[in-house]
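# Inside the fold
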There are 2 protein chains.
Amino acid sequence: MSFLVLGTVALDNVKTPSGVKKNMLGGSAAHFSMSARLFDDVHLVGIVGKDFPKVHLDFLKRKGINASAVTISEGKTFRWTGEYKAEDLNSAITHETQLGVLADYTPVISDQQKKFSHVFLANLAPLAQEKLLSLVNKPDFVGLDTMNLWINTALRDLKRLMKKVDLMVLNDAEARMLSGERNLVAAARVIHAMGPKIVVVKKGEHGVYVYGGKFQFGYPAYPVAKVVDPTGAGDTFAGGLFGYIAKARKSDEKTLRKAAIYGTVLASFNVEGFGMGKTAPLSMKDVEKRLKEFQAFCAVERTGK
Amino acid sequence: MSFLVLGTVALDNVKTPSGVKKNMLGGSAAHFSMSARLFDDVHLVGIVGKDFPKVHLDFLKRKGINASAVTISEGKTFRWTGEYKAEDLNSAITHETQLGVLADYTPVISDQQKKFSHVFLANLAPLAQEKLLSLVNKPDFVGLDTMNLWINTALRDLKRLMKKVDLMVLNDAEARMLSGERNLVAAARVIHAMGPKIVVVKKGEHGVYVYGGKFQFGYPAYPVAKVVDPTGAGDTFAGGLFGYIAKARKSDEKTLRKAAIYGTVLASFNVEGFGMGKTAPLSMKDVEKRLKEFQAFCAVERTGK
């Protein structure tokens with residue numbers, strides 16, 4: 001069945017030790033969708049400017065992503081220019097952010113989309129995320145992502161929104177910032193108490209930790225010997241995680257474990273290439289193959305006495 | 001069967017956000033032994049000064065650790081004074097190191113001990129580690145640990161020694177320093193090419209990554225919401241890992257996976273208390289209970305379709 005993702009659609013300029021790429025299709029909702037499309041019918045809600053290359057929109061559609069709720073507005077598309085240094089490929093250094101049409105964006109969706117049961121609020125201003133949520137008629141399951149910028153500048157809005165969502169994904173630095181706890185196990189408990197029933201802490205190369213009140217689980221990352229470009233890895237992870245949940249229409253522990261493993265596998269492809277270079281060509285067969293490798297990699301049952 | 005561990009026996013003064021403890025029994029070989037004793041008959045090789053409290057030696061013996069090769073020498077016991085700050089409990093800040101009797105220590109073992117098949121060289125100067133190894137008659141399996149100090153000051157000795165061992169354990173920072181690779185998957189491959197057939201990268205709160213040429217595997221850490229004192233966690237991990245290998249008398253992938261899981265479980269107890277406060281009282285029953293919890297925590301098979 002169909003589900004919604006709201007977030008940014010961007011033009012990215014990225015420099016990493018592997019090279020420099022300009023005007024790549026990027027943004028939280030675009031990366032999310034490129035991953036989630038493998039699981040279910042994803043509808044992307046966002047905005048671009050008149051300068052946005054038609055080839056990018058055509059590309060999203062060709063990949064099976066419904067872009068009917070992408071507003072094309074007067075003005076410039078959101079642009080991000082950033083860099084990753086060899087010493088710490090986990091941390092992006094932002095050189096420039098041009099909000100453009102994002103500055104005063106209000107999400108718009110169709111009457112049909114208002115009936116969707118699953119909604120993911122990818123990284124965007126909490127007020128815009130909340131606005132979209134208000135348009136949807138009693139969704140069954142809502143996921144939320146955010147970033148350090150909103151924790152610093154829109155904490156009150158974010159906290160209000162956190163009470164309305166079922167699942168929240170954050171990276172390790174954001175989890176520490178939001179909770180005030182350095183220990184991620186403790187941080188997840190603090191965030192859980194702030195609203196989300198399921199807290200997913202993304203630790204980049206170190207994997208994922210999930211806390212759901214009555215259960216917790218964790219996995220390492222799939223081992224990638226050369227990270228080319230980590231941009232969008234967190235969104236790609238969220239796309240795999242939430243895409244699987246949306247398809248399953250369940251959110252019990254077993255479903256969440258499998259969803260987190262899919263997210264892990266998708267994110268590992270993402271970092272192996274620039275932008276969507278490695279995720280866009282993927283078929284479900286490729287994903288299942290690496291999933292099996294990953295399950296063998298961190299299998300504990302194989303170690304029975 | 002019996003096996004050897006060489007390393008430091010120390011008196012530790014430790015400050016962490018949870019408190020301050022003075023004159024605790026510590027040191028690489030002591031922490032290793034307190035963990036390894038649960039698996040097999042461990043013989044500790046090391047040196048202490050005449051100032052070393054007899055209660056500590058009695059304590060080691062009472063725990064089933066053979067201390068017949070612990071030399072009691074004129075002079076002062078090795079002392080370490082360090083601190084962990086709340087911002088980063090993974091990194092020790094050393095305030096003072098007093099080598100004492102360690103300064104010109106040469107390991108001495110009995111003729112019986114020279115015949116042991118399994119030897120672990122816990123953190124100590126590479127020349128002293130190499131000396132012990134030369135005393136043992138063709139051991140079947142040798143493990144090695146080290147620290148940043150020796151990578152910086154005795155790299156040539158360390159590299160020579162690395163060619164003579166089967167397994168090497170390092171923490172993430174040491175693996176990066178020794179290999180020159182920031183990516184730990186890549187770092188393990190570089191270190192593997194330097195000699196050790198099995199490279200075990202300890203990542204503290206992020207778990208462990210193991211590379212063995214034809215296989216690789218990884219696990220997250222057992223989730224600990226409050227780290228009291230991480231001193232000796234790496235040695236405790238190595239004690240569980242190597243203790244299991246020594247007992248099994250095998251080092252195939254299956255054995256190594258189980259060994260790494262035992263190491264993970266033992267290390268999780270270590271960090272929950274000061275010094276050996278939580279590891280010394282442990283029985284194998286306690287360990288097996290947490291091992292089951294850990295296997296459930298990171299189980300991937302439970303997520304089958």
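The following refers to the structure shown. Note that this is a predicted model, so its numbers are computed, not measured.

### Details of the relation of the copies chain B and chain A
For the pair chain B and chain A, the superposition axis carries a translation of 0.0 Å, the fit reaches an RMSD of 0.0 Å, and the rotation angle comes to 180°. Taken together, the turn and the small shift mark the pair as related by a two-fold rotation axis. With an isologous cut-off of 70% or more, the 100% of interface residues of chain B that recur at the interface of chain A puts this contact in the isologous class.

### Here we look at the packing of aromatic side chains
Here the structure, examined in full by the defined rule, presents 28 aromatic pairs over all chains. Pairing F39(A) with Y244(A) gives two aromatic rings, centres 6.4 Å apart and planes at 90°, and the pair type is edge-to-face. Taken together, the residues F39(A) in the loop between α1 (28–36) and β4 (41–49) and Y244(A) in helix α8 (residues 233–248) connect sequence positions 205 residues apart. By relative accessible area, which is 8% here, F39(A) ends up buried. Following the ring pairs from residue to residue traces out a cluster consisting of F3(A), F32(A), F120(A), F141(A) and F242(A). Note that R290(B) overlies the ring of F269(B), its terminal NZ or CZ placed 3.8 Å from the centroid.

### Looking at the interface of chain B and chain A
Counting residues at the interface gives 42 residues for chain B, matched by 42 residues for chain A. Taking both partners together, chain B and chain A bury about 3,600 Å²; carbon and sulfur atoms supply 51% of that area. The interface formed by chain B and chain A contains 6 salt bridges. Between E205(A) and R176(B) there is a salt bridge, with its nearest N and O atoms 3.5 Å apart. Where chain B meets chain A, there are 22 residue pairs in polar contact (both at pLDDT 80 or more). Secondary structure elements with two or more residues in the side of chain B that touches chain A: β7 (88–98), α7 (184–193), β13 (216–219), α9 (253–270) and α10 (284–297) of chain B. Counting residues per element, the side of chain B that touches chain A draws most heavily on α9(B), which supplies 6 residues. Classifying every residue of the side of chain B that touches chain A by side-chain character gives 19 nonpolar, 8 polar and 15 charged.

Conventions and cut-offs
Residues numbered from 1 in each chain as written. Chains lettered and ligands numbered in written order. Predicted model: local features only at pLDDT ≥ 70, side-chain atom pairs only at ≥ 80, totals over all residues. Heavy atoms only, no water. Least-squares fit on C-alpha atoms with pLDDT ≥ 70 in both. Contact = heavy atoms within 4.5 Å. Phe/Tyr/Trp six-rings, centres within 6.5 Å; stacked < 30°, edge-to-face > 60°. Helix = DSSP H or I, 4+ residues; strand = E, 2+ residues; numbered from the N terminus. Buried < 20%, exposed > 50% of the residue type's maximum accessible area, 1.4 Å probe, protein only. Lys NZ or Arg CZ within 6 Å of the ring centre and 35° of its normal. Buried area = accessible area lost by both parts, 1.4 Å probe. Salt bridge = Lys/Arg side-chain N within 4 Å of Asp/Glu carboxyl O. Polar contact = N/O pair within 3.5 Å; in protein donor to acceptor, adjacent residues only side chain to side chain. Nonpolar A, V, L, I, M, F, W, Y, C, P; charged D, E, K, R; others polar.

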